[in-house]
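Chain by chain, the residues:
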Amino acid sequence: MKRGEPISWLFMFLSLPLILLLTLPLIKMTIEPSMTMMVETISDMDVVNAISRSIGLSLFAGFLSFAMGTPLAYLLARNNIIGKKVIEGIIDLPIMIPHPVVGIAILSLSGKNHPIGRFLSDVGIQIMGTKTGIICVLLFVGLPFYVNTVKAGFESVPLQLENASRTLGAGAITTFLRVTFPLTWRHMILGVIMCTARAISEFGAIVIVAYHPMTAPVMIYERFTAYGLKYSQPIAVWLIIISFLLFIILRMLTKSINLHTR
Amino acid sequence: MIDLNHIHLTLPGFTIKDINLHIKKNDFFSLIGPTGSGKSLLLEGIMGLIPFSDGQLLLEGRDLIHCPVEKRNLAIVYQDFALFPHLDVTQNITYGVPYHNISKKEVQNRFDFLISTLGLKKIIKRTPKNLSGGEKQRVALARSLILNPRLLLLDEPLSALDPIFHEEAKQLLKKIHTELDITIIMVSHNFTDVIYLSNRGAIIKDGCIMQEGSIMSIFEKPNSLFSAHFVGMKNIHPIHQANNQIIIDGTHIKLTPASKPGKDVDFMGIRPEDISLNTFQSKNFTNCFKGKIQTIFNNGIFLNVVLQTEDICFEAIWPRSHLRDHALEINQIVNFGFHSQSVHTF
């Protein structure tokens, strides 16, 4: 389809409502708060703490998904294990189910009525109302994005390259480190970005597992219900601006490493 | 050198059955067969990338069945060369060096030798995406040969190359085999390449060996209808036998006493290049015929001619010069013939 062809104009026309639906509310919300209000909001240490907690815990969940999700993604990409489709379905489950349900599920498992909950309590790990609980929730909702992205990355590396490495004398782990990882680390960074992005936006499950310590989405909700739209909007704008800048930096970093390694 | 004894390999939907092969030191052995016959699978089994279900794989008397792929010291060059895209040519060639007990001096000597033999000097800093098909193949060969493997496996090494590089690569493989005294097993479906490169080979079909032996014996004396088709035999007909003759639809074809077929022979075939034009009936053929030229296909190098006698058709390959020298044309009646030795029965 070439630019200027009638069909491309038609498709552009049909896409316009969708683009407006995505951009208009965000633009309206971003330009509405006054500069004074914005400065006042960011001077509030509770807001700063909530935003930095949201971003920090989300990045940590992204890192955990890298550490724990990479072996799983490799297994699913390379092996025809029994029940592979079922496992893939389970991994996609957090995308489908309502997020308060995720919170309730995690709470029911970590409560004192459950052996796992009792075990966690015995070893001093608290889920309810803690950062650990928040990380647990963020990992739960973000993992599908990481695993699916990285699995696609592993699938894009021809098996023959790994086989060639093995025939040249490298073991399985060395092959992974010398061939598979250098060819898929961009997918891993993209996966961490996707997982972190999803985690930053999480509200439904966090509000059930850990209302406090407060993350930015919970604070936005609290300010909205307690004081109205005017007071919640600036926090939302700051969260969007900071997250946007963070992801631009991460993307640029990926591109810069990409250029240096080629 | 390498023996495959009663090798079986079972995968979902495909089985390799009871393969027995003996490959001698310095052989250039070809596994020949159509796509999906199991030849590449057998190669991967020898390499250790797919486990054989049963049988013995002996390399210089040592059973390799339970030996992991990285410890076998065999090398494989894939059809698409499988070069590591994130590494340059030098890094690709020396990739396997850390896993082998080779001194730095020896590595340098081998590297220099391969770079010069394979003509890679100008491209050692390039990455695979900036290499031509022929260059990629030479890098893949250097990457394998620097480790001084006991056996080199080539998986359709010529089929991914453009015609320009194809001939060049053929010469190179011949040179490597001759100069390095290395044992090679090559998988191919192109019998022309196999004849040029190999001394021995086997035809494989549906996971079974159909014929094994010297390449020329497979070429000249295929033992089955499948092998005959595969090695380019034409003029294949079911036969009836009578004394030293075979009869095809009323046409009598004389055989030499030595080539009298056994009882279980059902077909005969004649290579198209063994049927000659005999315009002035000057040649002393055992079998002479007169026939009408049905079609002439000039492929630029030679002529494919279909000749209709009273009872049967013959397909012949003649030099292009015949077109000019004998003014050949469709529907022309010509004399042609072939010697009894050219008649193969199976």
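Before reading on, note that the structure itself is shown above.
Below you will find a few notes about this structure. (Residues numbered from 1 in each chain as written. Chains lettered and ligands numbered in written order. Predicted model: local features only at pLDDT ≥ 70, side-chain atom pairs only at ≥ 80, totals over all residues. Heavy atoms only, no water.)

1. Observations regarding the overall build of chain A
For clarity, the cut-off: In DSSP terms, a helix is any run of H or I states spanning at least four residues, a strand is any run of E spanning at least two, and both are numbered starting from the N terminus. A 1.4 Å probe and the Shrake-Rupley method give the accessible areas. Residues count as covered only by the protein chains that appear here. In this tally Asp and Glu are treated as negative and Lys and Arg as positive; neither His nor the chain ends contributes. We put the charge of a Lys on NZ, of an Arg on CZ, of an Asp on CG and of a Glu on CD.
From N to C terminus, chain A includes twelve helices and zero strands. Taken over the C-alpha atoms alone, chain A extends approximately 65 × 65 × 35 Å along its principal axes. For chain A, the exposed area adds up to about 14,700 Å²; of that, 72% sits on carbon and sulfur atoms. Charged side chains in chain A number 20 positive and 12 negative. The centres of these two groups are separated by 9 Å.

2. A closer look at the overall build of chain B
Basically, it comes down to this: Exposure is judged per residue with a 1.4 Å probe applied to protein chains only, and the accessible area is read against the type maximum: over 50% gives exposed, under 20% gives buried, and values in between give partly exposed. Contacts were defined at the residue level, with two residues in contact if any of their heavy atoms lie within 4.5 Å.
When you go through chain B residue by residue, the secondary structure sums to nine helices and 21 strands. If you line up chain B on its principal axes, its C-alpha atoms span 70 × 45 × 35 Å. The proportion of buried residues among the 346 residues of chain B is 51%. For chain B, contacts bridging at least 24 residues in sequence account for 66% of all contacts bridging at least 6. Approximately 16,100 Å² of chain B is accessible, and the part contributed by carbon and sulfur atoms is 51%. In chain B, 35 positive and 34 negative side-chain charges are present, and the distance between their average locations comes to 5 Å.

3. Details of the sheet that holds strand β17 (residues 287-298) of chain B
Residues and elements named next belong to chain B. What counts here: The criterion for strand pairing is that DSSP finds at least two bridges linking the strands in question.
If you trace the five strands from one edge of the open sheet to the other, you get β16-β20-β17-β18-β19, paired in antiparallel fashion. Each edge of the open sheet is held by one strand with a lone partner, namely β16 (276-277) and β19 (313-319). Of the strand pairs in this sheet, β17 and strand β18 (residues 302-308) are connected by six bridges, and their pairing is antiparallel. Counterpart to T295 in the pairing with β18 is V306.

4. Details of the packing of aromatic side chains
All names here are of chain A. So the rule is basically this: Ring pairs shown here join Phe, Tyr and Trp side chains whose ring centres sit within 6.5 Å, with only the six-membered ring taken for Trp; geometry is labelled stacked below 30 degrees between planes, edge-to-face above 60, and tilted in between.
Inspection of the entire model under this criterion finds 16 aromatic pairs over all chains. When the centroid spacing of 6.3 Å and the interplanar angle of 40 degrees are considered together, the rings of F63 and F66 count as tilted. Here F63 pairs with F66, and both are found in helix α3 (residues 45-78), just three residues apart, close to one helical turn. You can call F63 partly exposed: its relative accessible area is 49%.

5. What to know about the sheet that holds strand β1 (residues 2-11) of chain B
Residues and elements named next belong to chain B. The cut-off we apply is this: For helices, the fitted line uses only the C-alpha atoms of the stretch in contact; every axis is such a line through C-alpha atoms, and the angle between N-to-C directions lies from 0 to 180 degrees.
If you walk across this open sheet you meet the four strands as β2-β1-β4-β5, and the pairing is antiparallel. Lying at the two open borders of the sheet, with one neighbouring strand each, are β2 (14-23) and β5 (62-63). Where β1 and strand β4 (residues 54-59) come together, five bridges link them in antiparallel fashion. The partner of I2 across the bridge, within β4, is L59. Strands in contact with helix α1 (residues 39-47) are β1, β2 and β4; relative to β1, the strand with the most contacts, it is inclined by about 115 degrees.

6. Some points on the interface of chain A and chain B
Applied cut-off: Buried area is a sum: the accessible area each of two parts loses on coming together, probed at 1.4 Å, counted once for each and added. When a carboxyl oxygen of Asp or Glu is within 4 Å of a side-chain nitrogen of Lys or Arg, the pair counts as a salt bridge. Think of a polar contact as two N or O atoms within 3.5 Å of one another; within protein, one of them needs to be a possible hydrogen donor and the other a possible acceptor, and neighboring residues in sequence only count if both atoms come from side chains. Each residue receives one of three labels: charged for Asp, Glu, Lys and Arg, nonpolar for Ala, Val, Leu, Ile, Met, Phe, Trp, Tyr, Cys and Pro, and polar for the others, Gly being one of them.
Contact with chain A, which involves 18 residues of that partner, is made by 22 residues of chain B. A per-residue breakdown of the area chain A buries against chain B is headed by T167, L168 and R178 of chain A, which together make up 38% of the total. A salt bridge links R166 of chain A to E70 of chain B; its shortest N-O distance comes to 2.8 Å. At the junction of chain A and chain B, the tally comes to five residue pairs in polar contact (both at pLDDT 80 or more). Of all the secondary-structure elements, those providing two or more residues to the side of chain A that touches chain B are α8 (159-167) and α9 (172-200) of chain A. Sorting elements by how many residues they give to the side of chain A that touches chain B places α8 of chain A first, with seven residues. Taken together, the residues that form the side of chain A that touches chain B break down as seven nonpolar, eight polar and three charged.

7. Quick look at the side chain of T309 of chain B
Residues and elements named next belong to chain B. Position of T309 among the secondary structure elements: in the loop between β18 and β19. There is a polar contact of 2.8 Å between the side chain of T309 and the backbone oxygen of I312. Other than its neighbours up to four places away in sequence, T309 contacts F289, K290, G291, F314 and F336.

8. Focus on the pairing of strand β20 (residues 333-338) of chain B
Residues and elements named next belong to chain B. Along β20, five of the six residues are buried, which leaves the element largely enclosed by surrounding structure. With two bridges connecting them, β16 and β20 associate as antiparallel partners. For L277, the partnering residue across the bridge sits in β20 and is F336. By the bridge criterion, six bridges tie β17 to β20 in an arrangement that is antiparallel. Residue pairing for β20: C288 is matched across the bridge by G337.

9. A look at the nonpolar core
What counts is decided by this rule: By nonpolar core we mean a set of buried residues, namely Ala, Val, Leu, Ile, Met, Phe, Trp, Tyr and Cys, connected to one another through side-chain atoms within 4.5 Å.
Judged by nonpolar contacts, the single largest core of 89 residues is most densely connected at I2, L42, I46, L141 and I185 of chain B. Apart from residues lying up to four places away in sequence, L141 of chain B is in contact with V77, L118, L152, L154, L172, L173 and I176 of chain B. Residues I193, A199, V209 and V218 of chain A belong to the second largest nonpolar core, which totals 38 residues.

10. Side note on the pattern of salt bridges
Following the criterion strictly, the structure yields 18 salt bridges over all chains and no others. For E167 of chain B, the salt bridge identified is with K170 of chain B, shortest N-O distance 3.6 Å. Within this pair, E167 of chain B and its partner K170 of chain B are both found in helix α5 (residues 163-180), separated by three residues, close to a single helical turn. On the basis of relative accessible area, E167 of chain B is assigned to the partly exposed category, the value being 42%. One network of salt bridges, with partners in common, ties together K85, E88, K151 and E155 of chain A.

11. Some thoughts on the side chain of S198 of chain B
All names here are of chain B. Note on placement: S198 falls in the loop between α6 (191-197) and β9 (200-205). One polar contact links S198 to S30, side chain to side chain, over a distance of 2.4 Å. If sequence neighbours within four positions are ignored, S198 has contacts with F28, S30, M186 and I215.

12. Some points on the pairing of strand β3 (residues 28-32) of chain B
Residues and elements named next belong to chain B. By the criterion of burial, β3 is predominantly enclosed, with five of the five residues buried. Judged by which residues are buried, β3 turns out to be covered on both faces: F28, S30 and I32 on one side and F29 and L31 on the other are all buried. Pairing geometry for β3 and strand β8 (residues 184-188), over five bridges, is parallel. Following the sheet pairing, F29 is matched in β8 by I185. The sheet contact formed by β3 and β9 spans four bridges and is parallel.

It is worth stressing that arrangement in space is one thing and function is another; only the former is reported here.
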